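Here is what each chain is made of, one letter per residue.
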Amino acid sequence: MDSATLHEEIDSFFESAPPLKDSAKITDKLNQFVQFDSPSSERKGRRVVCVTSGGTTVPLEQRCVRYIDNFSSGNRGAASTEYFIKAGYKVIFLYRRGTCQPYCRSLPEDPLLECFELADDSDFRVRQSHSEAVKGAIRNHHTAVAGGLLLKLPFTTIFEYLQLLRIIASSMRSLECHAMFYLAAAVSDFYVPWKSMAEHKIQSASGPLDMRLMQVPKMLSVLRTEWTPMAFCISFKLETDSKILLEKANMALRKYKMHSVVANELLTRKEEVTVVTESGNISVCRDKTRAGSDVEDPLIELLVNRHSNYIKDAST
Ligand code: 9Z3
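Residues numbered from 1 in each chain as written. Predicted model: local features only at pLDDT ≥ 70, side-chain atom pairs only at ≥ 80, totals over all residues.

How we decide: UniProt positions are given in the numbering used here, feature names are shortened, and annotations may be inferred rather than shown by experiment.
The name that an unreviewed UniProt entry assigns to the protein chain is 4-phospho-panto-thenoylcysteine synthetase, with the source organism given as Hibiscus trionum. According to the UniProt record, the Sequence similarities (unreviewed entry) comment for the protein chain is "Belongs to the PPC synthetase family." According to UniProt, the comment filed for the protein chain under the heading Pathway (unreviewed entry) is "Cofactor biosynthesis; coenzyme A biosynthesis; CoA from (R)-pantothenate: step 2/5."

1. Structural notes on the overall build of the protein chain
Condition: Only DSSP runs of H or I covering at least 4 residues are called helices, and only runs of E covering at least 2 are called strands; the numbering of each starts at the N terminus. In this setup the radius of gyration rests on C-alpha atoms only. A globule is expected at 2.2 Å times the number of residues raised to 0.38. Here a residue counts as buried when 20 or more other C-beta atoms fall within 10 Å of its C-beta, as exposed when 12 or fewer do, and as partly exposed in between; the C-beta atoms come from the backbone. Remark: residues whose backbone-derived C-beta atoms lie within 7 Å of one another are considered to be in contact.
On a plain count of helices and strands, the protein chain comes out with 9 helices and 14 strands. For 316 residues, the compact-globule estimate of 2.2 N^0.38 gives 20 Å, and the protein chain sits close to it at 21 Å. Across its three principal axes, the protein chain shows a C-alpha extent of roughly 60 × 55 × 45 Å. Taking all 316 residues of the protein chain together, the buried fraction comes to 33%. When contacts within the protein chain are restricted to residue pairs at least 6 apart in sequence, those whose partners lie at least 24 apart make up 70%.

2. What about the sheet that holds strand β13 (residues 272-277)?
Keep this limit in mind: Strand pairing is assigned whenever DSSP detects at least two bridges linking the two strands. Axis definition: a line fit to C-alpha positions, over the contact stretch in the case of helices; interaxial angles, taken between N-to-C directions, run 0 to 180 degrees.
If you walk across this open sheet you meet the 8 strands as β7-β4-β1-β8-β11-β12-β13-β14, and the pairing is mixed. In the strand order of this sheet, the two ends are held by β7 (150-155) and β14 (280-285), each with one partner. With direction set aside, neighbouring strand axes in the sheet form an average angle of 20 degrees. As paired strands, β13 and β14 are joined by 6 bridges and run antiparallel to one another. For Thr274, the partnering residue across the bridge sits in β14 and is Ser283.

3. Some words on the site of the ligand
Put simply, the rule is: As used in this record, a residue near a molecule or strand is one whose C-beta atom, placed from the backbone, is within 6 Å of it. Think of it as three bins: nonpolar holds Ala, Val, Leu, Ile, Met, Phe, Trp, Tyr, Cys and Pro, charged holds Asp, Glu, Lys and Arg, and polar takes everything else, Gly as well.
What surrounds the ligand is a group of 15 residues, the closest being Ser73, Asn75, Arg76, Phe236 and Leu238. Looking at the shell around the ligand, the elements with two or more residues in it are α3 (75-86) and β11 (232-239). The element that contributes the greatest number of residues to the shell around the ligand is β11, accounting for 4 residues. In terms of residue class, the shell around the ligand is made up of 6 nonpolar, 6 polar and 3 charged.

4. Overview of the UniProt feature "domain: DNA/pantothenate metabolism flavoprotein C-terminal" (unreviewed entry) in the protein chain
Per the UniProt record, "domain: DNA/pantothenate metabolism flavoprotein C-terminal" (unreviewed entry) is found at residues 48-94 and 171-282. As annotated, residues 48-94 has a helix share of 26% and a strand share of 32%, and its two end C-alpha atoms lie 13 Å apart. Taken end to end, residues 171-282 comprises 22% helix and 29% strand; its first and last C-alpha atoms sit 31 Å apart.

5. Side note on helix α8 (residues 242-255)
Rules: Here, expected helix span is obtained from the residue count minus one, scaled by 1.5 Å.
When the terminal C-alpha atoms of α8 are compared, their 20 Å separation across 14 residues agrees well with the 20 Å that a helix rising 1.5 Å per residue should span. Remark: Lys257 follows α8 within two positions and exhibits a positive phi of approximately 55 degrees.

6. Digging into the environment of Gly77
As for its placement among the helices and strands, Gly77 is situated in helix α3. Separated by 199 residues in sequence, Gly77 and Val276 place their C-alpha atoms 19 Å apart.

In structure tokens:
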């Protein structure tokens, strides 16, 4: 596709999208977050990473009852956010509502009901068995937010996600090579344009449903070349067929000019990933000798080092 057609598609996507609620407030919050120089001694200069996490939905009705979803628990994004903060980055965590959150990975699924118990009729307390996990989660989360190191922005639909990503990119543009995008969210490839979408719940009495989905314009290339041309960009490639994974990741690397593409297979994604770069592929595995270890730990270490080299090269 030529660049003029891509731009037309992108303009028409944004023009027809339902306007983002509170967009002025979000822009202010983002600008403040990006500009605020947090005093933490462990900070790595002005580095800020936008971590995207969870799957986007595609509504089928404007007053949405039904939607198409993209699989992602948000575990990768939440874990990676913790490691980026530990490495001295400020993180903009763009996440799907209801998915896994940073510092909450060791809590049970229903933390309120499982971690607390009634002490008597008027008071409650943390159950002894969950005390360490709850304290750790609250402490780490508070330190990150109060220290200006973590800003969380939720999305549900593909319309919200891409509008937010564009605003984030515009507020991170001034950081130049210190900005990083780590795009782990599972983003819809197809959508129903808002203007051609049924307003009310689609009726089953009308028989089988014929629906034409448009292709979501590939924003990765405009993010990379226009929105934040100096940022260090990492995208993800998810496949279920290992035979095509690396080839597809390589194609994404070249087509969207990413600095690396993290290739993962659905079934083994928690054990290993392959970082595909221009200079070759690097396999990254979870340290199986350590209980509770995860693949995000060595993955973020590798990417932080590559980002450091990128910054060094850009400044010389
Ligand atoms: C990923 O590949 C993520 O690693 C996972 C993480 C979604 C598999 P979980 O959230 O899983 O920990 O459960 N994300 C990107 C998926 C994606 O939609 N990539 C697009 C593609 O493959 C490119 S943007 O075409």
